[in-house]
Amino acid sequence: DGGITQSPKYLFRKEGQNVTLSCEQNLNHDAMYWYRQDPGQGLRLIYYSQIVNDFQKGDIAEGYSVSREKKESFPLTVTSAQKNPTAFYLCASSTGQFSYNEQFFGPGTRLTVL
Amino acid sequence: AQSVTQLDSQVPVFEEAPVELRCNYSSSVSVYLFWYVQYPNQGLQLLLKYLSGSTLVESINGFEAEFNKSQTSFHLRKPSVHISDTAEYFCAVSENAGNNRKLIWGLGTSLAVNP
């Protein structure tokens, strides 16, 4: 079955630690996205990538980093510089590089900082 | 500036009643419009979209939305809701301009269908 997988589903971290969230897709999509979702705030774009070895900052990139070494993988690292990292993180991909293409979402990772 | 407003944060309805979830946007250029649905603790799924052509678009599970350019709206409707429609619904907009690659999201409307 084609789709997007995110792991882990739940993640707990101590303050000051970096943590990496996994996102893998087998849809052969070029574009991939990371969003952060907080209650009542909708989805906010963290980073996006249109092609391997290239990525751009979204609206709230501070405290986060990404890499795109393979077409199917787009991991997100939440660094200790992110002041309020507790949130639900969603990864998505799309067939094309333009925003009129449907985005397909993974099931999400819920990160809690203790 | 481009923005999306979902006018209701929560909409409680009874099963088999009609429902309308409202979405307005602001943009100076032509747009693409989307409704996504998020069931509890899951990712989002595309419900329906307007790119061009007929202003009335439908989903496979009975929802429909109408693009109204003069009112800059894209309201989502269903004539009779089911318990299984309980979810968060997000309206999203993208400007048809240059090499735009981003969606602008509304804050979401939580639809609660009660028996």
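About the thresholds
- Residues numbered from 1 in each chain as written.
- Chains lettered and ligands numbered in written order.
- Predicted model: local features only at pLDDT ≥ 70, side-chain atom pairs only at ≥ 80, totals over all residues.
- Heavy atoms only, no water.
- Helix = DSSP H or I, 4+ residues; strand = E, 2+ residues; numbered from the N terminus.
- Rg over C-alpha atoms; globule rule 2.2 N^0.38 Å.
- Buried < 20%, exposed > 50% of the residue type's maximum accessible area, 1.4 Å probe, protein only.
- Contact = heavy atoms within 4.5 Å.
- Buried area = accessible area lost by both parts, 1.4 Å probe.
- Salt bridge = Lys/Arg side-chain N within 4 Å of Asp/Glu carboxyl O.
- Polar contact = N/O pair within 3.5 Å; in protein donor to acceptor, adjacent residues only side chain to side chain.
- Nonpolar A, V, L, I, M, F, W, Y, C, P; charged D, E, K, R; others polar.
- Phe/Tyr/Trp six-rings, centres within 6.5 Å; stacked < 30°, edge-to-face > 60°.
- Disulfide = S-S within 2.5 Å.

1. Quick notes on the overall build of chain A
Reasoning step 1: Tallying secondary structure elements over chain A gives zero helices and eleven strands in all.
Reasoning step 2: Starting at the N terminus and ending at the C terminus, chain A contains elements arranged as β-β-β-β-β-β-β-β-β-β-β.
Reasoning step 3: For chain A, whose C-alpha radius of gyration is 13 Å, the value lies close to the compact-globule estimate of 13 Å for 114 residues.
Reasoning step 4: A buried classification covers 51% of the 114 residues belonging to chain A.
Reasoning step 5: Taking as baseline every contact in chain A between residues at least 6 positions apart, the subset at least 24 positions apart corresponds to 53%.

2. Let's talk about the interface of chain A and chain B
Reasoning step 1: Contacts between chain A and chain B engage 24 residues on the former and 21 residues on the latter.
Reasoning step 2: Interface area, chain A with chain B, both sides summed: about 1,900 Å², of which 55% is carbon and sulfur.
Reasoning step 3: Lys-102 of chain B serves as the salt-bridge partner of Asp-59 of chain A, at 3.4 Å between the closest nitrogen and oxygen.
Reasoning step 4: Where chain A touches chain B, the interface holds four residue pairs in polar contact (both at pLDDT 80 or more).
Reasoning step 5: Breaking the side of chain A that touches chain B down by element, the ones donating at least two residues are strand E4 (31–37), strand E5 (43–51), strand E9 (87–94) and strand E10 (103–105) of chain A.
Reasoning step 6: Split by residue class, the side of chain A that touches chain B holds eleven nonpolar, nine polar and four charged.

3. Topic: the pattern of salt bridges
Any two side chains of opposite charge can pair, so long as their charged atoms come close to each other.
All names here are of chain A.
Reasoning step 1: In the structure shown here, the tally under the stated rule is seven salt bridges over all chains.
Reasoning step 2: In this structure, Arg-44 and Asp-38 form a salt bridge, with 2.8 Å as the shortest nitrogen-oxygen distance.
Reasoning step 3: Its relative accessible area of 26% is what places Arg-44 among the partly exposed residues.
Reasoning step 4: Within the structure, one salt-bridge network assembled from shared partners comprises Arg-36, Asp-38 and Arg-44.

4. What about the packing of aromatic side chains?
Residue and element names in this part refer to chain A.
Reasoning step 1: Taken as a whole and judged by the stated rule, the model has 14 aromatic pairs over all chains.
Reasoning step 2: Where Tyr-64 meets Tyr-89, the ring centres are 5.9 Å apart and the plane angle is 65°; that geometry is what we call edge-to-face. Of this pair, Tyr-64 sits in strand E7 (residues 64–66) while Tyr-89 sits in strand E9, placing them 25 residues apart in sequence.
Reasoning step 3: A relative accessible area of 6% means that Tyr-64 is categorised as buried.

5. Here's the deal with the environment of Ser-27 of chain B
Residue and element names in this part refer to chain B.
Reasoning step 1: You can see Ser-27 is positioned in the loop between strand E4 (23–26) and strand E5 (31–38).
Reasoning step 2: What makes Ser-27 partly exposed here is its relative accessible area of 24%.
Reasoning step 3: Each C-alpha atom, one on Ser-27 and one on Gln-2, is 4.9 Å from the other, the two residues being 25 residues apart in sequence.
Reasoning step 4: Among the polar contacts listed, one links the side chain of Ser-27 to the backbone oxygen of Val-29, at a separation of 3.2 Å.
Reasoning step 5: Within the local environment of Ser-27, its side chain forms a polar contact with the side chain of Glu-95, the two groups lying 2.7 Å apart.

6. As for the side chain of His-75 of chain B
Residues and elements named next belong to chain B.
Reasoning step 1: Note that His-75 resides in strand E9 (residues 73–78).
Reasoning step 2: Using a relative accessible area of 13% as the deciding quantity, one classes His-75 as buried.
Reasoning step 3: With residues near it in sequence (within four places) discarded, His-75 still touches Glu-20, Leu-21, Arg-22, Cys-23, Asn-24, Trp-35, Glu-64, Ala-65 and Glu-66.

7. Overview of the environment of Trp-105 of chain B
Reasoning step 1: Mapped onto the fold, Trp-105 of chain B is located in strand E11 (residues 104–105).
Reasoning step 2: In sequence terms Trp-105 of chain B and Phe-34 of chain B are 71 residues apart; their C-alpha atoms lie 9.3 Å from each other.
Reasoning step 3: Apart from the residues lying within four places of it in its own chain, the contact partners of Trp-105 of chain B are Tyr-35, Leu-43, Gln-103 and Phe-105 of chain A together with Val-4, Tyr-36, Leu-44, Phe-90, Cys-91 and Ala-92 of chain B.

8. Things to note about the state of the cysteines
Reasoning step 1: Under the defined criterion, the tally for this structure stands at two disulfides over all chains.
Reasoning step 2: Paired through a disulfide, Cys-23 of chain A and Cys-91 of chain A show a sulfur-sulfur distance of 1.9 Å. Across the disulfide from Cys-23 of chain A to Cys-91 of chain A, rotation about the S-S bond amounts to roughly -70°, and the bridge is consequently left-handed. With Cys-23 of chain A in strand E3 (residues 19–25) and Cys-91 of chain A in strand E9, the pair connects residues that are 68 residues apart, well separated along the chain. The same class applies to Cys-23 of chain A and to Cys-91 of chain A, which are both buried.
Reasoning step 3: Here Cys-23 of chain B connects covalently by a disulfide to Cys-91 of chain B, the sulfurs 2.0 Å from one another.

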